[in-house]
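# Commentary on secondary and tertiary structure
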Number of protein chains: 2
Amino acid sequence: MGGPDRVWNHQQSNRRARLERAGEALGTALSGKILPANRIADLLHQVIECGDRVCLEGNNQKQANFLGKALAQLDPARINGLHMLLSVIALPEHLDVFEKGVASRLDFSFSGPQAARLARLVMAGQLNIGAIHTYLELFGRYFVDLTPRVSLIAAEAADRAGNLYTGPNTEDTPAIVEATAFKSGIVIAQVNRIVDTLPRVDVPADWVDFVVQSPAPYYIEPLFTRDPAQISEVQVLMAMMAIKGIYAEYEINRLNHGIGFDTAAIELILPTYAQSLGLRGKIARHWALNPHPALIPAIEAGFVESVHSFGSELGMEDYIRARPDIFFVGPDGSMRSNRAFCQAAGHYACDMFIGSTLQIDLQGNSSTATLGRISGFGGAPNMGADARGRRHDSPAWLKAGRQADEGRNVMPRGRKLVVQMVETFREHMAPAFVETLDAWQVAEQAGMAIPPVMIYGDDVTHILTEEGIANLLLCRTPEEREQAIRGVAGYSPVGMARDRRMVENLRDRKVILRAEDLGIDKRLATRDLLAARNMKDLVRASGGLYDPPKRFRNW
Amino acid sequence: MGGPDRVWNHQQSNRRARLERAGEALGTALSGKILPANRIADLLHQVIECGDRVCLEGNNQKQANFLGKALAQLDPARINGLHMLLSVIALPEHLDVFEKGVASRLDFSFSGPQAARLARLVMAGQLNIGAIHTYLELFGRYFVDLTPRVSLIAAEAADRAGNLYTGPNTEDTPAIVEATAFKSGIVIAQVNRIVDTLPRVDVPADWVDFVVQSPAPYYIEPLFTRDPAQISEVQVLMAMMAIKGIYAEYEINRLNHGIGFDTAAIELILPTYAQSLGLRGKIARHWALNPHPALIPAIEAGFVESVHSFGSELGMEDYIRARPDIFFVGPDGSMRSNRAFCQAAGHYACDMFIGSTLQIDLQGNSSTATLGRISGFGGAPNMGADARGRRHDSPAWLKAGRQADEGRNVMPRGRKLVVQMVETFREHMAPAFVETLDAWQVAEQAGMAIPPVMIYGDDVTHILTEEGIANLLLCRTPEEREQAIRGVAGYSPVGMARDRRMVENLRDRKVILRAEDLGIDKRLATRDLLAARNMKDLVRASGGLYDPPKRFRNW
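Please read these numbers as outputs of a predicted model, since none were measured by experiment.

Cut-off values and rules
- Residues numbered from 1 in each chain as written.
- Chains lettered and ligands numbered in written order.
- Predicted model: local features only at pLDDT ≥ 70, side-chain atom pairs only at ≥ 80, totals over all residues.
- Heavy atoms only, no water.
- Helix = DSSP H or I, 4+ residues; strand = E, 2+ residues; numbered from the N terminus.
- Rg over C-alpha atoms; globule rule 2.2 N^0.38 Å.
- Buried < 20%, exposed > 50% of the residue type's maximum accessible area, 1.4 Å probe, protein only.
- Contact = heavy atoms within 4.5 Å.
- Areas by Shrake-Rupley, 256 points an atom, 1.4 Å probe, with all protein chains shown as cover.
- Lys, Arg positive; Asp, Glu negative; His and termini not counted.
- Charge placed at Lys NZ, Arg CZ, Asp CG, Glu CD.
- Salt bridge = Lys/Arg side-chain N within 4 Å of Asp/Glu carboxyl O.
- Polar contact = N/O pair within 3.5 Å; in protein donor to acceptor, adjacent residues only side chain to side chain.
- Nonpolar A, V, L, I, M, F, W, Y, C, P; charged D, E, K, R; others polar.
- Domains from an automatic or database assignment.
- Buried area = accessible area lost by both parts, 1.4 Å probe.
- Disulfide = S-S within 2.5 Å.
- Least-squares fit on C-alpha atoms with pLDDT ≥ 70 in both.
- Pairing = 2+ DSSP bridges.

### Considering the overall build of chain A
- For chain A, the count of helices and strands is 19 helices and 21 strands.
- Here chain A has a C-alpha radius of gyration of 25 Å; the compact-globule value for 555 residues is 24 Å, and the two agree.
- Burial statistics for chain A: of 555 residues in total, 67% are counted as buried.
- Residue pairs in contact within chain A that sit at least 24 positions apart in sequence constitute 72% of those at least 6 positions apart.
- Accessible area of chain A: about 18100 Å², with a carbon and sulfur share of 50%.
- If you average the places of the 61 positive and of the 64 negative side-chain charges in chain A, the two averages end up 1 Å apart.

Encoded structure:
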């Protein structure tokens, strides 16, 4: 409403009222901004109001789990109807808040570990999903129509003034704090320790209202660690095709890898196979990527010039500190990650995204949404989409654009390479290629306006399976695209239903490339090609600097 | 190179060497990080090395002009071959560094005021352009393959420890500083004043190496101020069509406006025309936009719920401070802008971008590049492109997607609305619609791989002229698209060459909408509809809080 009587500082005065309530309730328990852990419920009851938008920090790595648990234990008679904003639904307490009636609405990006329970809560009407986002999209909305009223974040340490040190796991913190602190919201940080002097300041104290030292350090997941022992020879073959058929073919120098064993295999044969092809210094030089342990041999072999990261990875701290020419580190020697900037880089400054998926349909649409699970997509949509605002060129981008445009009367434009890498059968012999994505039924069940697609077919440029590479850039009709996909779908029903003549024709036109078309000797596709064949090899490759988490110490 | 002898901390030790050289050369002139202004040349000669990538802060508003001038005065015998990174080439000194031989290579986003001189330097071989970018793309590359070695930035104030206060004009500073400080680069800040206590900390001292108080405050341009007195009745008519035919039709609530009088006219008839249509609270609620003075009447009328900004605007300080429910402000009451986050929001969290252009071709491609000028595009490509990574829906996005997909057998997907607003003739009776964009010749002259297009035709959804709206979403063939464009191109040669029958058919199908088709009475399209008709009206609407810069004080 406008008009002369309008109050224009409601948010500021409401903020002051909350802070006053907190001050009264906590009294001398508060030492400046610092609160004892056993009073967290009192604080949250005072500074949160019913219906608030509350952002709880937690991505696929660092979790503000002490604050998340405290939130789930609030009295729903006092605090309810919260609208939760979460990058990732990862921990039980992220859904407990809904089950207990404290929260009712959710906007998020990814929910891998909790996808089935999330779907059940939606079906039961206990949780209303606003939307699924890609991370940078969710951060963008924090500044437009989903600004948090209260943010609960995690940092490694605070000083007594409330300055925060987030260290290598900075991740989402800067985006969340900025959106909250500069719209009269309230920022509460859990920290592992309170110190006199921080190694460096990552978040200024001005932006933080309360600090609490949690009884245990924040939870963090070593999500990007892949044990090379689990990489199969099929994956080695696919990695060889990726390097020769895509990386070398397009001169890919700036890239992001998805998570998983398929791309870990690529990382691990850079120093062997790519080296034997003379590709060092010609491909894979700049990365927007978490510090994957599987990248160590390629770094040591001199393939990698720089890595900027969304978050860090447990056990990589000393290795990163000893390789500051490669990673982004602070004056204190520890890494600085930043998911917002790394996603911007992944969108705009990379020539290729390559990652795995669960299901691909005949148009090339892919999704990780399967029946009974609402999983979200994390960063994949942002990086696995053609960046149509991009204007700088590179050989890879221009070549992909030429292939897409050839023979078409259109304004020339480059294209990002978006590669979907998948074995034709996944676990339990479920075919990866399907006539219809499960996403259609998921949409119906969950009342979504359109199916939850991870990467749209018209953004995908290549599909890579053990049977070969389908270059969708060269397809000129929906029929050609369908047959190109069938042509690499192996012995799955979709693959068996191919039009053999059309597929052979596509192969003649190099729309489909088999290993032999690329001059790849399949007999070389053994685990011997992996520069590290187990975790111990990775540690050795790092000169003993990499210190894997316990669960990966299997020697 | 890899191998056991590889040095992995070259950047850190090189940084230390530079800092030591600076310390020796400056001796006691340095007080901690603080340097007297008259020693800036000595500092730069010590900390910059030949061939460095140097980022000089300066967007379309705030300029690190003291540092830019100092750089241009360096001795090219000592410092040369610099690779300059600049958001905007705005000031003479930005090109002086090339003319004087200090720098030789340039990556940038926009060069409006210096576009002609830039083109001359390129032709003369004194300047080699890496690429033209959109802002967020350039920032993304700072973390991948264009990381600055030295950054020269501007802030409003510093404390004696080197913490910086950027205040309302934070703009690009956080992105530049983070990329530099966390890759062992060197950050030098010019500040307007040095104080004991900052109003708030925007950049922690840890991230800053040197601070110099400039003899005069940094230069800043009031770029987003449009005097309502200059808005024409044709622009009022176009604004009415925009509101009724697009904003209301698609329920546009989250948006960005380009710069210019066309969109200022829309802002100024929200409280009159849109109000008369009952649209308050139904359109234009959330903005990713600088604090345009022309938005004041709509804010006062209760149309606007929130505004997040790339940068601030001179004269709006007190008004913003008094409207904290609308703008993003810090605890000190002054605004916090952030170009990187606002561009992310503009890309992912807005349903519409609407802006003006100079030339449009028959495919709908538009460009501001004209012969003899290399101008760049700023934020337009990022916001005026379909955000293909977006996954959350809204009525506007879904409706645009349905229109684009209707009758096509494709996976349903939403679409961003990208509206190009242009009068059929621009200054000097140059037609806005052309058979071939000048961009083709500019590309040839400057040796670009592809023509510099601002917004590609396949991202444009609507073209709006005084003759009507062409809805390109509904076109099904290149011929239809061409005729839809000709059908709103008025008496320009492109418009005269229309196929009259096909255009009438497109009008029947509502692909083309005239004012009368929208039920707009053209007689109402007068300047009386503007909620403010001159600068004084804007001041009055703000309750005297808006304080226009001198050059706009024309009463």
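Right, picking up where we left off after that structure.
### A word on the interface of chain A and chain B
- Between chain A and chain B, the contact holds 99 residues from the first and 98 residues from the second.
- The shortest N-O distance in the salt bridge between D458 of chain B and R388 of chain A comes to 3.3 Å.
- On the surface where chain A and chain B come into contact, there are 50 residue pairs in polar contact (both at pLDDT 80 or more).
- Among the elements that take part in the side of chain A that touches chain B, helix 12 (residues 339–348) of chain A stands out by supplying 6 residues, more than any other.
- Its residues assigned to classes, the side of chain A that touches chain B shows 50 nonpolar, 25 polar and 24 charged.

### A word on the domain arrangement of chain A
All names here are of chain A.
- Here the domain parsing of chain A yields domain 1 (12–220) and domain 2 (228–536).
- Each of domain 1 and domain 2 was reduced to a C-alpha centroid, and the two centroids are 34 Å apart.
- Facing the 35 residues of domain 1 at the interface are 31 residues of domain 2.
- Buried area between domain 1 and domain 2, summed over both chains or domains, comes out near 2400 Å², and the portion from carbon and sulfur atoms is 58%.
- Of all residues in domain 1, L136, P168 and R200 bury the most surface against domain 2, accounting for 22% of the area lost on that side.
- Here domain 1 and domain 2 share 4 salt bridges between them.

### Let's talk about the side chain of T263 of chain A
Residue and element names in this part refer to chain A.
- The residue T263 is located in helix 9 (residues 261–276) in this model.
- In this structure T263 comes out as buried when scored by relative accessible area, which is 1%.
- Once residues within four sequence positions are removed from consideration, T263 is found in contact with H257, G258, I354 and M421.

### Some details on the state of the cysteines
All names here are of chain B.
- Following the criterion strictly, the structure yields 0 disulfides over all chains and no others.
- Between C50, a cysteine without a disulfide, and C55, which holds the nearest cysteine sulfur, the sulfur-to-sulfur distance is 19 Å.
- Note on C50: relative accessible area 44%, which makes it partly exposed.

### A few points about the relation of the copies chain A and chain B
- At an RMSD of 0.0 Å, chain A and chain B line up after a rotation of 180° and a shift of 0.0 Å along the axis. The operation mapping one copy onto its partner corresponds to a two-fold rotation axis. Residue P204 of chain A of chain A places its C-alpha closer to the rotation axis than any other residue of that unit, at 3.2 Å.
- Both copies contact each other with a shared surface, as 99% of the interface residues of chain A are interface residues in chain B too.

### Examining the sheet that holds strand 14 (residues 306–308) of chain B
All names here are of chain B.
- Pairing within the open sheet is mixed, and its 8 strands lie in the order 14-13-12-15-18-19-20-21. Strands at the two margins of the open sheet, each flanked by one partner only, are strand 14 and strand 21 (512–513).
- Here strand 20 (residues 468–471) pairs with strand 21 via 2 bridges, running antiparallel. When the bridges of strand 21 are listed, I469 appears paired with L513.

### Considerations on the sheet that holds strand 13 (residues 286–288) of chain A
Residues and elements named next belong to chain A.
- Sheet architecture is open: 8 strands sit in the order 14-13-12-15-18-19-20-21, paired in mixed fashion. Of all strands in the sheet, those with a lone pairing partner are strand 14 (306–308) and strand 21 (512–513), marking the two edges.
- Pairing geometry for strand 13 and strand 14, over 3 bridges, is parallel. Among the inter-strand pairings, H286 is bridged to a residue of strand 14, identified as S306.

### Observations concerning the environment of F66 of chain A
Residue and element names in this part refer to chain A.
- Along the chain, the position of F66 falls in helix 3 (residues 65–72).
- Classification of F66 as buried rests on a relative accessible area of 17%.
- On a C-alpha basis, the gap between F66 and S214 in space is 6.3 Å, while along the polypeptide they are 148 residues apart.
- F66 has contacts with A37, I40, Q190, V212, S214 and P215, leaving out every residue within four places of it along the chain.

### Re helix 12 of chain A
Residue and element names in this part refer to chain A.
- Counting buried residues in helix 12 gives 10 out of 10 residues, a clear majority hidden from the surface.
- Among the residues of helix 12, those classed as buried are R339, A340, F341, C342, Q343, A344, A345, G346, H347 and Y348.
- Its side-chain oxygen at 3.1 Å from the backbone nitrogen of A340, N338 defines the N-terminal cap of helix 12.

### Looking at the side chain of H292 of chain B
All names here are of chain B.
- Structurally, H292 is set in the loop between strand 13 (286–288) and helix 10 (296–300).
- Judged by its relative accessible area of 6%, H292 is buried.
- Those residues in contact with H292, other than ones at most four positions away along the chain, are F224, H257, G258, E267 and M316.

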